[in-house]
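Structural overview for review
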Amino acid sequence: MSGSSLKRFSVSMEGDLLSSFDHLVTLRGYENRSEAVRDLVREAIVKQSYNDSEQIIAGSILLFYNHEQRNLLEEMTEVQHDKHDLILATTHFHLDYGSCLELIVVKGKVKEIQELSHQLTSLKGVSYGKFTVAPVEEI
Ligand code: NI
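Residues numbered from 1 in each chain as written. Predicted model: local features only at pLDDT ≥ 70, side-chain atom pairs only at ≥ 80, totals over all residues. Heavy atoms only, no water.

Considerations on the coordination of the nickel ion
Note the following rule: Ligating atoms shown are N, O and S within 2.8 Å of the metal, or 3.2 Å for Na, K and Ca, and water is not included, meaning a site may look less than complete. Any residue under 20% of the maximum accessible area for its type is buried, any over 50% is exposed, and the rest in between are partly exposed; the area is computed with a 1.4 Å probe on protein chains only.
Around the nickel ion, the donor atoms from the protein are His92 (NE2), His94 (ND1) and Cys100 (SG), and they sit 2.1 to 2.4 Å away. Linear spacing of the donor residues for the nickel ion on their chain is H-x1-H-x5-C. By relative accessible area, His94 is classed as exposed at 66%. Under the relative-accessibility criterion, Cys100 is labelled buried at 1%.

Listed below in structure tokens is the structure:
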């Protein structure tokens, strides 16, 4: 069966991120990086399929970024204005001279919130993005 045979692909990531990943691989007792990646991918797929895209959810998007990254603040503001109907509140924390933490509280359909989260976390200069949600009853 072709679906179950092993396929190879290459992954590029920053050295710091790779070091952290290798640390995780050791901590969790994986044999190697491939085994760890497979496990993380399975976990992500399960999480993804669990969600009903039409369900109304509330949650938060947490972003760490460097505000000196060119165009990042403009792009981030534009995305948030574009999706203003999904955003309940935004709080910005200046962590040090360059790094910022932004907490965005959101409410809306799963598919819309996921799209917003992907748009924000994929912006160049965002070093970490975390999306947490809880289902809420539709009013
Ligand atoms: Ni700041």
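Details of helix H4 (residues 110–121)
Operational definition: Secondary structure elements are defined from DSSP: runs of H or I of at least 4 residues count as helices, runs of E of at least 2 residues count as strands, and each element is numbered from the N terminus. Helix span is expected to be 1.5 Å times the residue number reduced by one. This arc describes the spread of directions from the helix axis toward the C-beta atoms.
Its 12 residues place the ends of H4 16 Å apart at the C-alpha level, agreeing with the 16 Å of an ideal helix rising 1.5 Å per residue. For H4, the set of buried residues is Val110, Ile113, Gln114, Leu116, Ser117 and Leu120. The arc that holds the buried residues of H4, viewed along the axis, is 160°, so those residues lie on one side.

Quick word on the pattern of salt bridges
Note the cut-off: Salt bridges are defined by distance alone: a side-chain nitrogen of Lys or Arg within 4 Å of a carboxyl oxygen of Asp or Glu.
Under the criterion given, the structure shown has two salt bridges. A salt bridge links Lys83 to Glu115; the nearest nitrogen and oxygen atoms lie 3.5 Å apart. Here Lys83, found in the loop between helix H3 (72–82) and strand S2 (87–94), pairs with Glu115, found in helix H4; they are 32 residues apart in sequence, far enough to count as distant. The class for Lys83 is buried, based on a relative accessible area of 15%.

Considerations on a negative patch on the surface
Defined as follows: Residues qualify for a patch when their relative accessible area is over 30% and they have no salt bridge, like charges being joined within 9 Å and the nonpolar side chains of Val, Leu, Ile, Met, Phe, Trp and Tyr within 5 Å. Note on areas: these come from Shrake-Rupley sampling with a 1.4 Å probe, and a residue is covered only by the protein chains present in the view. Positive: Lys, Arg. Negative: Asp, Glu. His and the chain ends are not part of the count. To locate a charge, take NZ of a lysine, CZ of an arginine, CG of an aspartate or CD of a glutamate.
A contiguous patch of negative charge on the surface is contributed by Glu74, Glu75, Glu78 and Asp82. Exposure remark for Glu74: the relative accessible area of 52% places this residue in the exposed category.

Some words on helix H1 (residues 15–27)
Helix length check: H1 (13 residues) gives 18 Å between terminal C-alpha atoms against 18 Å at 1.5 Å per residue, within 8%. Count one or two residues on from H1 and you reach Gly29, which has phi positive near 75°.

Brief notes about the packing of aromatic side chains
Quick note on the threshold: Two rings belonging to Phe, Tyr or Trp (six-membered ring only in the last case) form a pair when the distance between their centres is within 6.5 Å. Interplanar angles under 30 degrees mark stacking, angles over 60 mark edge-to-face geometry, and anything in between is tilted.
All chains considered together, the criterion is met by one aromatic pair. With a centroid separation of 5.8 Å and 55° between ring planes, the pair formed by Phe64 and Tyr128 is classed as tilted. You can see Phe64 sitting in strand S1 (residues 56–66) and its partner Tyr128 sitting in strand S4 (residues 126–135), a full 64 residues away along the chain. Given the relative accessible area of 26%, Phe64 is considered partly exposed. Classification of Tyr128 by relative accessible area gives partly exposed; the value is 41%.

Quick notes on the nonpolar core
Here is the rule: As used in this record, nonpolar core signifies buried Ala, Val, Leu, Ile, Met, Phe, Trp, Tyr and Cys residues forming a set joined through side-chain atoms within 4.5 Å.
Formed by 18 residues in total, the largest nonpolar core has its most connected members in Leu63, Met76, Leu116 and Leu120. Secondary structure elements with two or more residues in this core: S1, H3, strand S3 (99–109) and H4.

Some details on the confidence of the model for the protein chain
Heads up, the rule is: Known as pLDDT, the predictor's confidence for each residue is given on a scale from 0 to 100.
Of the residues in the protein chain, 89% reach a pLDDT of 70 or more, and the chain-wide mean stands at 88. The lowest-confidence element of the protein chain is helix H2 (residues 33–50), averaging 79 in pLDDT; the highest-confidence one is S2, averaging 96.

Points about the environment of Asp96
Which entries qualify depends on this criterion: Counted as a polar contact is a pair of N or O atoms within 3.5 Å, where, for protein atoms, one must be capable of donating a hydrogen and the other of accepting one, and residues adjacent in sequence contribute only when both atoms are in side chains.
Mapped onto the elements of the fold, Asp96 is located in the loop between S2 and S3. Accessibility expressed as a relative area gives 47% for Asp96, which makes it partly exposed. A C-alpha to C-alpha distance of 9.8 Å links Asp96 and Asn66, two positions 30 residues apart in sequence. There is a polar contact of 2.9 Å between the side chain of Asp96 and the backbone nitrogen of Gly98. Only 2.7 Å separates the side chain of Asp96 from the side chain of Ser99, close enough to count as a polar contact.

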